[in-house]
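Below are the chains, spelled out letter by letter.
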Amino acid sequence: AERSHERVDYRLCSSQDELRELVQEIKKKGLISFDTETTSQDPLRAKLVGLSLCWEEKKAIYVPVGHTGPGASTQLELKDLLDILSAVLEDKDIKKVGQNIKYDSEVLWNHGVRIRGIHFDTMIASYVINPALRQHNLEVLAQQYLNHKMITYREVTGRGKGSINFSKVAVEKAKDYSCEDADITLRLMRVLEARLKEEGNEALFYDLEMRLLPVLMDMELAGIKIDTEFFKRMSNELNAQLLALEEEIFKEAGTEFNINSPQQLGWVLFEKLKLPVQRKTLKTRRYSTDLRTLKKLVSCGSKVPQLVLKYRSLAKIRSTYLDALVKLVNPKTGRIHTSFNQTVTATGRLSSSNPNLQNIPIRTREGRAIRKGFVAEEGCVFLSADYSQIELRVFAHYSGDKSLIEAFERGEDIHRRTAAEIMGVNPEDVTPEMRRVAKAINFGIIYGMGPQKLSEELGIDLSTAKSYINRYFERYEGVKKYREKMIQMARDKGYVTTLFNRKRHLPEINHSKHVIRAEAERMAINTPIQGTAADLIKKAMIKIHETLNRERLGAEMLLQVHDELLFEVCKEEVEELKEIVKREMEGVYKLRVPLKVDVGIGKNWEEAH
DNA sequence: ATCGCACGC
DNA sequence: GCGTGCGAT
């Protein structure tokens, strides 16, 4: 669309009296959208530059307070802005609308303002309506829902090297930009609330996602303490090991090269050392050097593959988890504050970034040691609570499979039972290897995996994988029905849903190309399971957060890792917290199988898990 | 900016 | 199946 020339009333506010008058008008309205302009993307480091408010469509006001460029001479003082507007911002009866309002609320929290009455986040509404959309930013939403072309952030600040901080943007320009943001947000709300109703997603939006938002905000603000010295020590130790490994690899390879470069490593392994080529990479058709490839090469005579595997795992730990985490300690709080993103995944899960605290290693000894560096405050401990096999339980619920349900009701070891069923032995006679295979199959079923993937995953031949899957379908008759039912639903309606009616559209379910169609089918199988598990833990988080506030407990929820919640709690409150968390998580929703939660307690994350 | 790789659930 | 981040190119 053309940039519209519609008449709008966007004004600058530079006097306290004007602002006070506005507060009176807003109080009569009972609903506003607002937007903050700041110095940083990181809400905990951001300083307020200005704030825009919109109380009716096409009418907005911008209050500059932190500009240093043109027009900065007539600004209000930050303190005056906050003093006057607190009456509105902290009033729970005045509904707040925003685009990614968690960000603005955290910025204001850091400036001493406690936002109350958070009502509608347009970004989250867009996500609930269509989680597959890659971006839910205002520009995209304005274009899609209002056919309106906005002034972009880049147009105001410039891009790349020449870009300027928002505090240097001319006040007049900032006004046009910021007022439009607040105005469009309010207009979008009207459109999106209607869409939510049409889609039958009001409960998911208001009762789940919008109520989760303040929980996530508290978690992000709380942060988590790390033992910086521990991380630095471990990094130095790894450095020494890596140097030694590097030397050994060069000696064995007979040449020096960059081990971190897959390209150079491929050349050394397959051209210099003439090791047998396993496979090529997907896009660039180079030699693959990933974990699976290197594992196969271990028995080929050269020591290099084994050494590179070791090198890779240690280098990963150092770069991603030790050095990076230390850099992200907030100087003011001394803690690490992740962002929990509520509008990223296609299935309804959260994601975590800056840093990602949902992929801290656990499987190997060296990796797991990193968790010892996440520590509770003096006098406190961590309490970790994780759902046992939540996705398999959700799957048992959905499929209604008698055998699976029975296994969970009896509290059996599900992978052992699966092994016994598909390999035709007594449960007592299941070997660890048989259990490992069964576990992979159980996961494979959840992912909608076919025999090809399963054979690769387990390193067995295709026919064996096929026979396992067939046996599985014979033994668990609900499983096959479930798969067919979800694929059929996707074909009929164009989408699949979770227990709480979260939708995922799968337009490619009828695609003429088999590979693409098959991928959509796997999504149809996996999404209701993964998404329902996500819905359940989100609901539990809301309930726990409420209970902790109601009971005036000091315990704090710090992290969510898909099926696990991590809390920090003073020693006196541990037992009470444990009861609450277990009760709320296990009782969050009545499925056809019981939900089970395991709780661990310790001074650090490794101990608690 | 994109790719390959590796970490989590 | 679903993510994020690092280092190389």
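Residues numbered from 1 in each chain as written. Chains lettered and ligands numbered in written order. Predicted model: local features only at pLDDT ≥ 70, side-chain atom pairs only at ≥ 80, totals over all residues. Heavy atoms only, no water.

A. How the structure looks around the packing of helix α16 (residues 414-423) against helix α19 (residues 462-475). Packing of α16 against α19 brings their axes to within 9 Å, and their N-to-C directions diverge by 105°. Here α16 is positioned roughly perpendicular relative to α19, judged by the angle of their axes. The residues of α19 that touch α16, namely those facing T418, E421, I422 and M423, are Y468, R471, Y472 and R475. Its residues assigned to classes, the contact of α16 with α19 shows four nonpolar, one polar and three charged. (Axes fitted to C-alpha atoms, helices over the stretch in contact; angles between N-to-C directions. Helix = DSSP H or I, 4+ residues; strand = E, 2+ residues; numbered from the N terminus. Parallel < 35°, antiparallel > 145°, perpendicular 65-115°, else oblique. Contact = heavy atoms within 4.5 Å. Nonpolar A, V, L, I, M, F, W, Y, C, P; charged D, E, K, R; others polar.)

B. Local environment of the protein's contact with DNA strand C. Near DNA strand C, the surroundings consist of 26 residues, among which N258, S261, N354, N356 and R522 are the closest. The share of sugar and phosphate among atoms of DNA strand C within 4 Å of the protein is 76%. One of the side-chain nitrogen or oxygen atoms of N258 is found 2.8 Å away from a phosphate oxygen of DNA strand C. Contact between DNA strand C and R522: a phosphate oxygen at 2.6 Å from a side-chain N or O atom of the residue. For the surface near DNA strand C, the secondary-structure elements that each account for two or more residues are α10 (262-272), α12 (304-327), β10 (351-353) and α21 (514-550). Residues belonging to the surface near DNA strand C are distributed by class as follows: five nonpolar, 17 polar and four charged. (Near = heavy atom within 4 Å. Polar contact = N/O pair within 3.5 Å; in protein donor to acceptor, adjacent residues only side chain to side chain.)

C. Representation of the sheet that holds strand β14 (residues 556-560) in the model. If you trace the four strands from one edge of the open sheet to the other, you get β14-β15-β11-β16, paired in antiparallel fashion. At either margin of the open sheet sits one strand with a lone partner, and together these are β14 and β16 (597-602). The average undirected angle you get between the axes of adjacent strands in this sheet is 25°. Strand direction decides the pairing type here: strand β11 (residues 380-387) and strand β15 (residues 564-570), joined by seven bridges, are antiparallel. Residue pairing for β15: D386 is matched across the bridge by E564. (Pairing = 2+ DSSP bridges.)

D. Representation of unusual backbone geometry. The omega torsion of the bond from N354 to P355 falls at -5°, within 30 degrees of zero and hence cis. Looking at where P355 falls in the secondary structure, it is placed in the loop between β10 and α13 (365-368). Despite not being glycine, K58 has its phi angle at roughly 70°, a positive value.

E. Main features of the packing of aromatic side chains. This structure, assessed with the given rule, holds 16 aromatic pairs. Seen in terms of ring centroids, F231 and F374 are 6.0 Å apart; in terms of plane orientation they differ by 75°. Their pairing is edge-to-face. In this pair, F231 is assigned in helix α9 (residues 228-253) and F374 in the loop between α13 and β11, connecting sequence segments 143 residues apart. Accessibility assignment for this pair places F231 and F374 in one class, buried. Here a set of aromatic residues connected by ring pairs shows up, and it is made of F230, F231, F374 and W605. Above the ring of W605, the side-chain terminus of R371 is found at 4.3 Å from the ring centroid. The ring of Y495 carries the charged tip of K503 above its face, separated from the ring centre by 4.9 Å. (Phe/Tyr/Trp six-rings, centres within 6.5 Å; stacked < 30°, edge-to-face > 60°. Buried < 20%, exposed > 50% of the residue type's maximum accessible area, 1.4 Å probe, protein only. Lys NZ or Arg CZ within 6 Å of the ring centre and 35° of its normal.)

F. Structural context of the pattern of salt bridges. All chains considered together, the criterion is met by 41 salt bridges. Here R195 and E199 are joined by a salt bridge, their closest N and O atoms 3.2 Å apart. Pair noted here: R195 and E199 are both in helix α7 (residues 171-199), with a separation of four residues, about one helical turn. In this structure E199 comes out as buried when scored by relative accessible area, which is 17%. With a shortest N-O distance of 2.8 Å, E209 and K538 are connected by a salt bridge. Pair noted here: E209 is in helix α8 (residues 202-222) and K538 is in helix α21, with a separation of 329 residues, a long-range link. A single salt-bridge network, built from bridges that share partners, covers E406, R410, E412, R417, E421 and R475. (Salt bridge = Lys/Arg side-chain N within 4 Å of Asp/Glu carboxyl O.)

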